Each structure stands twice: as C-alpha cells, then as structure tokens.
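# Topology and contacts: notes
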Amino acid sequence: MEPILRIENLSKSFTLHNLKKQIKAVDAINFEMQEGEFVGITGKSGSGKSTILKSIYRTYVINEGNIWYLSKKFGRINLAEASEREIVYLRKQEIGYVSQFLNVMPRTTARELVEQAIVEMGNTNFLAEREAEKMLSHFELDEELWDSYPATFSGGEKLRLNIARAMVKRPRLLLLDEPTASLDHASKRKVRELMEQLMREGTTMLGIFHDLEFMKNLCHREYNMNAGHFASVR
Ligand SMILES: Nc1ncnc2c1ncn2[C@@H]1O[C@H](COP(=O)(O)OP(=O)(O)O)[C@@H](O)[C@H]1O
Ligand SMILES: [Mg+2]
C-alpha cells in the first residue's frame, strides 16, 4: 500500500541573525506512515520534534527534502512545494494540527469555534450544531461556557476546546504537538478516549507526547529524536 505520508531527507535550519549562527533543528530525516497508523515521537526538549510537525503543516518552509502526502483531493502531493491555495484547502479538509496553544478569533464563542471547523469542511449548519454540542459535552466543557469567549477560559478549558476543535473535523492526518501537556488527569483520559475512537475510524496520527505513560499502548511505533536525528524505538 502506498504510504499516506513519506518524508524524504527533511532538513530544517534556523538562522539566528543576532548571533550570526545557524541551528540545524532537523537533519535529513526519513520515515513513512501507512494510513491508520499512529506514530509517536519522543525526545528531549529542543531535539526538533515540533519542527517536524510544523514542517508537515507548512508552518515552516523546509530547506531540503520532500514531504509526500497522499491527498484525497490532490493525490500524491509534496507539502514542501504545494501552493498556498492547496495548503489552505488541506488544512480545512484533510490535515489537522493541535498544540497546547489556542489561537482563536476574538469575539467567537466556544460553540461557534467548533461549529466553524465543521462548516469549513462543507457540512450543513444543522450538522455542525449537533456535532459541536456532542464534542463540547464529550470534553465536559460546562454548558455555561459554550456561548462564552474562550479568552476568559481557564488553561484547562482552553486546551479541551482546542482539542475538540481539531478532532471534530475527523481529519485524515492529525498532527498532535503535546496537546495534553498541562491537562489534568480526567481531561487527559477524555483526550485518550477520543484518540482511540479516531484510531478505530482510521485516522492517521503523528503525535509528540511528553507524557510517556499516556502514549503507552496507544501508538503503533515510536521514534526517538536526538539533536535533529531520528532513531526508531519500536
Ligand atoms: N522559529 C524558530 N526560530 C529559531 N529557532 C527555532 C525555531 N523553532 C525551533 N527552533 C530551534 O530548533 C531546535 C528544535 O526546536 P523544536 O523543534 O521546537 O524542538 P522540540 O519540539 O523537540 O522541543 C531548537 O534548538 C529550537 O530553538
Ligand atoms: Mg516542541
């Protein structure tokens, strides 16, 4: 089977102008993922984990290499070279990204935020309303908060909303950058339940988890990163 994601020789450096110095964050990495796989990335802080996810999501433009993604709409497409228009489409429809930081539009309520994510995919408002409520209930976000602005939420509430918004889209490829980093135990369990459900539905996931206990028995394979390099663990 053709992999859903194949990364060839990915390298990404940053230039620190003030120090007149280059940092090689990711150094010639190769790996591939089959559809439905869940691959974990571990490694100490600064080893290049987030840079890989951000390169796939095209938050970063890479210096070298190819990121072949098997798109439903475009077929095999190199995310390193895809047009802005293609990337915008893929982010709306096929590729999700969730981190521990919530970027929200001002004056948008929690409910609207989740509904927008569903409508963006071409679904009706009716479906969006229903699915948004299901998702907000799943994450046990107080009903009083549904029509409030996330700016006023606690850290844990923001995080749960953030994850709800990414997961409600049921993306084909979901990139997770330590989304549970500062969640309490009960919220982590909620995230895990939903990840298990997404896995059953065939979502491909690439995730960085600081909490190895959380990742245990969840991912199929794991890579350990060290100074921009990859070593397969299992
Ligand atoms: N936008 C950026 N500008 C400059 N340096 C960066 C940037 N993003 C990451 N880096 C550097 O690249 C290296 C890898 O960072 P990162 O991928 O965030 O590691 P990790 O997620 O494993 O903690 C670090 O040395 C970090 O300082
Ligand atoms: Mg990181």
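For the structure, see preceding data.
Residues numbered from 1 in each chain as written. Chains lettered and ligands numbered in written order. Predicted model: local features only at pLDDT ≥ 70, side-chain atom pairs only at ≥ 80, totals over all residues. Heavy atoms only, no water.

## Some thoughts on the site of ligand 1
Lining the immediate surroundings of ligand 1 are Phe14, Ile23, Ala25, Lys44, Ser45, Gly46, Ser47, Gly48, Lys49, Ser50, Thr51 and Tyr60. Ser47 is positioned with one of its backbone polar atoms (N or O) 3.2 Å from an oxygen atom of ligand 1. Protein coverage of the free-state accessible area of ligand 1, which is 560 Å², stands at 66%. Because more than half of its atoms lie within 2 Å of the grid, ligand 1 is assigned to the second largest pocket. Those elements that place two or more of their residues in the shell around ligand 1 are β2 (21-33) and α1 (49-56). The dominant element in the shell around ligand 1, judged by the number of residues it contributes, is α1, at 3 residues. (Near = heavy atom within 4 Å. Polar contact = N/O pair within 3.5 Å; in protein donor to acceptor, adjacent residues only side chain to side chain. Areas by Shrake-Rupley, 256 points an atom, 1.4 Å probe, with all protein chains shown as cover. 1 Å grid on protein atoms, 1.4 Å probe; cavity = no way out; pocket = protein on both sides within 12 Å on 5 of 7 lines; lining within 4 Å. Sits in = over half its atoms within 2 Å of the grid points. Helix = DSSP H or I, 4+ residues; strand = E, 2+ residues; numbered from the N terminus.)

## Structural notes on unusual backbone geometry
The phi torsion of most residues other than glycine is negative, and most of the peptide bonds are trans. Even without a glycine there, the phi angle at Glu178 is positive, about 45°. Position of Glu178 relative to the elements: it lies in the loop between β7 (173-177) and α6 (185-200). Its identity is not glycine, yet Ala227 carries a phi of approximately 45°, on the positive side. Mapping Ala227 onto the fold places it in the loop between β9 (221-226) and β10 (229-232).

## Some points on empty space enclosed by the protein
By rolling a water-sized probe across the atoms, one finds the places where empty space is left. This model, assessed by the stated rule, comprises 2 cavities of 30 Å³ or more. As a volume, the largest cavity reaches approximately 50 Å³. Around the largest cavity sit Glu2, Pro3, Ile4, Arg6, Trp68, Tyr69, Leu70 and Arg76, which together line it. No other element matches the 3 residues that strand β4 (residues 64-71) contributes to the lining of the largest cavity. Looking at side-chain class alone, the lining of the largest cavity contains 5 nonpolar, no polar and 3 charged residues. With 3 residues, the single largest contributor to the lining of the second largest cavity is helix α2 (residues 84-93). Of the residues assigned to the lining of the second largest cavity, the class counts are 6 nonpolar, no polar and 1 charged. (Points joined across faces, edges and corners; volume = space filled by probe spheres on them. Nonpolar A, V, L, I, M, F, W, Y, C, P; charged D, E, K, R; others polar.)

## Some words on helix α4 (residues 125-138)
Between the first and last C-alpha of α4 there are 20 Å, a value that for 14 residues agrees with the 20 Å anticipated at 1.5 Å per step. On its buried face, α4 sits against α3 (110-119), α5 (155-167) and α6. (Expected span 1.5 Å × (residues − 1). Contact = heavy atoms within 4.5 Å.)

## Brief notes about the pairing of β9
Where strand β3 (residues 38-43) lies against β9, 5 bridges are found, and the strand directions are parallel. Bridging from a neighbouring strand, Thr42 pairs with Asn224 of β9. If you look at the hairpin formed by β9 and β10, you'll find 2 residues sitting between the two strands, and Ala227 has a positive phi there, around 45°. (Pairing = 2+ DSSP bridges.)

## Looking at the side chain of Thr108
Summarising the element assignment, Thr108 is placed in the loop between β6 (95-99) and α3. Beyond its immediate stretch of four places on either side in the chain, Thr108 contacts Leu113, Gln116, Ser148, Tyr149 and Pro150.

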